Amino acid sequence: HVQLVESGGGSVQTGGSLRLSCEVSGIDYSTYCMGWFRQVPGKDHEGVAAVDSDGSPTYAASVKGRFAVSKDNAKNTMYLQMNSLKLEDTATYYCAAGSQLCNLLPVNFGYWGQGTQVTVS
């Protein structure tokens, strides 16, 4: 039984920071590509960041230099540190796991969490 559970969302002022967490169970988490995606009403999921099994990260251009993805394999947890938040970062953020190409395309991720809301104002 695979579960991905996001936490850490909330409301923050422009320029502030949040750290999202994704706890994973039911898969060999350390061997998967792990990713963060976000979605606003009426739009498709947008890839934000991903980290592969050896720890190599990939970022969307819109968040590069502001966000950082990391993993704690001992805790089966992935994090997304979000700094210098902008109004356009407001979205529901999802974590996901995939065993295919480790990029920012949702089609490569077979397991998804339920999401956590981030609101920047």
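Here the residue index of a chain counts from 1 through its sequence in written order. Only residues with pLDDT of at least 70 are given local features in this predicted model, and only at 80 or more are side-chain atom pairs given and counted; all residues enter the totals for whole chains, interfaces and linings. As a convention, hydrogens and water are excluded, and side-chain values are obtained from all of the structure's heavy atoms.

### Here's the deal with the overall build of the protein chain
Applied cut-off: Numbered from the N terminus, helices here are DSSP runs of H or I no shorter than four residues, and strands are runs of E no shorter than two. Two things to know: the radius of gyration comes from C-alpha atoms, and the globule rule equals 2.2 Å times the number of residues to the power 0.38. Using a 1.4 Å probe on the protein chains alone, a residue whose accessible area is under 20% of its type maximum counts as buried, one over 50% counts as exposed, and one in between counts as partly exposed. In what follows, a contact means two residues having at least one pair of non-hydrogen atoms within 4.5 Å. For accessible areas, the Shrake-Rupley method is used with a probe of radius 1.4 Å. Any residue's cover is judged against the shown protein chains and nothing else. Within this scheme the basic residues Lys and Arg register as positive and the acidic residues Asp and Glu register as negative, but His and the chain ends are omitted. The atoms used to mark charge sites are NZ of Lys, CZ of Arg, CG of Asp and CD of Glu.
Within the protein chain, the regular secondary structure consists of 0 helices and 11 strands. Its C-alpha atoms give the protein chain a radius of gyration of 13 Å, near enough to 14 Å, the size a compact globule of 121 residues would have. Taken along the three principal axes of its C-alpha coordinates, the protein chain extends 35 × 30 × 25 Å. Every one of the 121 residues in the protein chain was classed for burial, and the buried ones make up 41%. Sequence separation of 24 or more characterises 57% of the internal contacts of the protein chain that already satisfy a separation of 6 or more. Carbon and sulfur atoms form 46% of the exposed surface of the protein chain, whose accessible area is close to 6100 Å². Here the protein chain holds 8 positive side-chain charges and 10 negative ones, and the gap between their average locations is 8 Å.

### Some remarks on the nonpolar core
Our working rule: In plain words, nonpolar cores are sets of buried Ala, Val, Leu, Ile, Met, Phe, Trp, Tyr and Cys residues tied together by side-chain atoms within 4.5 Å.
Counting residues in hydrophobic clusters, the biggest one holds 34 residues, and the most contacted among them are Met34, Trp36, Met78, Leu80, Met82 and Tyr93. The set of elements that each furnish at least two residues to this core consists of strand S3 (18–25), strand S4 (33–39), strand S5 (46–51), strand S7 (67–72), strand S8 (77–82), strand S9 (91–98) and strand S11 (116–120). Among the elements that make up this core, the one with the highest residue count is S9 (5 residues). Residues contacting Met82, with those up to four places away along its chain left out, are Gly16, Ser17, Leu18, Leu20, Arg66, Phe67, Tyr93 and Val118.

### Quick word on the state of the cysteines
The line we're drawing: The term disulfide is used for any two cysteine sulfur atoms that are within 2.5 Å.
Within this structure, the stated rule accounts for 2 disulfides. The disulfide bridge from Cys22 ends at Cys95, spanning 2.1 Å between sulfur atoms. Between Cys22 and Cys95 the sulfur-sulfur dihedral comes to about 60°; the bridge is accordingly right-handed. Residue Cys22 is located in strand S3, and its partner Cys95 is located in strand S9; the two are separated by 73 residues in the primary sequence. The side chain of Cys33 participates in a disulfide bridge whose partner is Cys102; the two sulfur atoms lie 2.0 Å from each other. With the S-S dihedral at roughly 75°, the linkage between Cys33 and Cys102 falls on the right-handed side. Separated by 69 residues along the polypeptide, Cys33 in strand S4 and Cys102 in the loop between S9 and strand S10 (111–112) bring together distant segments of the chain. Assessed through its relative accessible area of 5%, Cys33 is described here as buried.

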